[in-house]
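# Geometric and topological summary
Chain by chain, the residues run as shown.
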Amino acid sequence: VLSLVGTQSLYASRFKAQYKVAKHKLQKAQKPEYQEIELGQSPIRGENSAALIIEFSDFQCPFCKRFTKNLKKAFEGSHTHHPFSYAFKHYPLSSQCNPHIKRDMHPRACHAAMASICAQNQGQFWAMHDLLFEHQHELEDEDLKSYALHLKLDMPQFIDCLSSEQTQQKLSEDIKLGAQVGIRGTPVFFVNGWGFKGAKGPKSIHEA
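Attention in this report is confined to the structure presented alongside it. (Residues numbered from 1 in each chain as written. Predicted model: local features only at pLDDT ≥ 70, side-chain atom pairs only at ≥ 80, totals over all residues. Heavy atoms only, no water.)

Another aspect to go through is the sheet that holds strand β4 (residues 188-191). Ordered by their spatial adjacency, five strands build an open sheet running β1-β3-β2-β4-β5, and the pairing between neighbours is mixed. Of all strands in the sheet, those with a lone pairing partner are β1 (44-45) and β5 (194-197), marking the two edges. Bridge count for β1 against strand β3 (residues 84-90) is two bridges, and the pairing is antiparallel. Across the sheet, residue R45 finds its bridge partner in β3, namely Y86. (Pairing = 2+ DSSP bridges. Helix = DSSP H or I, 4+ residues; strand = E, 2+ residues; numbered from the N terminus.)

Glancing now at the nonpolar core. Counting 33 residues, the largest nonpolar core has M128, L132 and F158 as the members making the most contacts within it. For this core, the secondary structure elements donating two or more residues are α2 (62-76), β3, α3 (109-121), α4 (125-134), α5 (141-150), α6 (155-162) and β4. Among the nonpolar cores identified, the runner-up in size contains 18 residues, and L93, M114, I117 and F190 belong to it. (Core = buried A, V, L, I, M, F, W, Y, C linked by side-chain atoms within 4.5 Å. Buried < 20%, exposed > 50% of the residue type's maximum accessible area, 1.4 Å probe, protein only.)

What follows is about the pairing of β5. As paired strands, β4 and β5 are joined by four bridges and run antiparallel to one another. Each residue of the ladder has a partner; that of F189, found in β5, is F196. Hairpin connection of β4 to β5: two residues between the antiparallel strands, including N192 at a positive phi of 50°.

What follows concerns the state of the cysteines. Under the definition given, this model contains two disulfides. The disulfide bridge from C97 ends at C110, spanning 2.0 Å between sulfur atoms. Note on the C97 and C110 pair: the S-S dihedral is about -80°, so by sign convention the disulfide is left-handed. Highlighted residues: C97 in the loop between β3 and α3 and C110 in helix α3, separated in sequence by 13 residues. With a relative accessible area of 4%, C110 lands in the buried category. Across a sulfur-sulfur distance of 2.1 Å, C118 and C161 are joined as a disulfide pair. (Disulfide = S-S within 2.5 Å.)

What follows deals with the pattern of salt bridges. Summed over the entire model, instances satisfying the criterion amount to six salt bridges. Across the pair R45 and D130 runs a salt bridge, and its minimum N-O distance is 3.2 Å. Taken together, the residues span a long stretch of sequence, with R45 in strand β1 and D130 in helix α4 at a distance of 85 residues. Residue classification places D130 among the partly exposed positions, given a relative accessible area of 24%. Between D130 and K72 there is a salt bridge, with its nearest N and O atoms 3.9 Å apart. One end of the pair, D130, is in helix α4; the other, K72, is in helix α2, with 58 residues separating them in the sequence. A single salt-bridge network, built from bridges that share partners, covers R45, K72 and D130. (Salt bridge = Lys/Arg side-chain N within 4 Å of Asp/Glu carboxyl O.)

As structure tokens, then:
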């Protein structure tokens, strides 16, 4: 029969071993991975700088909305300290346009993504981007058209663009790239190729 001291020692040894395993798993999970990410024709904010953040996002994702605010805040404070540029890529969590998503988690995300691509064609991506996140719960067809009107876009061109094969192809290219680099949820962002997940705060973005 083990003594009390012996029993305590045994459990202490087991705990220590389990702690080491758990710590190793946590460190491995948190360790960023490097991926080659093609910028392509993705919209970009900022001048050329040493650091480039490429974000994969979903306009109907609440965590993406939070990350967008944090990213913008970090960007605005980066001009004199750790300057960076950032680009946007689409990864809607909707089975309507994303074959890698099993269910339609965000049923208006694909529509919003296409509206932003159409706004990009008229030089207004970032303005549309901000409106879509600001009105995240108002992304019906009429809402998207009203945002386009607000931005004074060419409406016939915008409406035609929403259903064009070229727009769908551009969205599909981002989705395909996102799947290739292992994205399962949003937001995910890459800093000069090093990947991070979640709605990081401004300080964490600067430290990434």
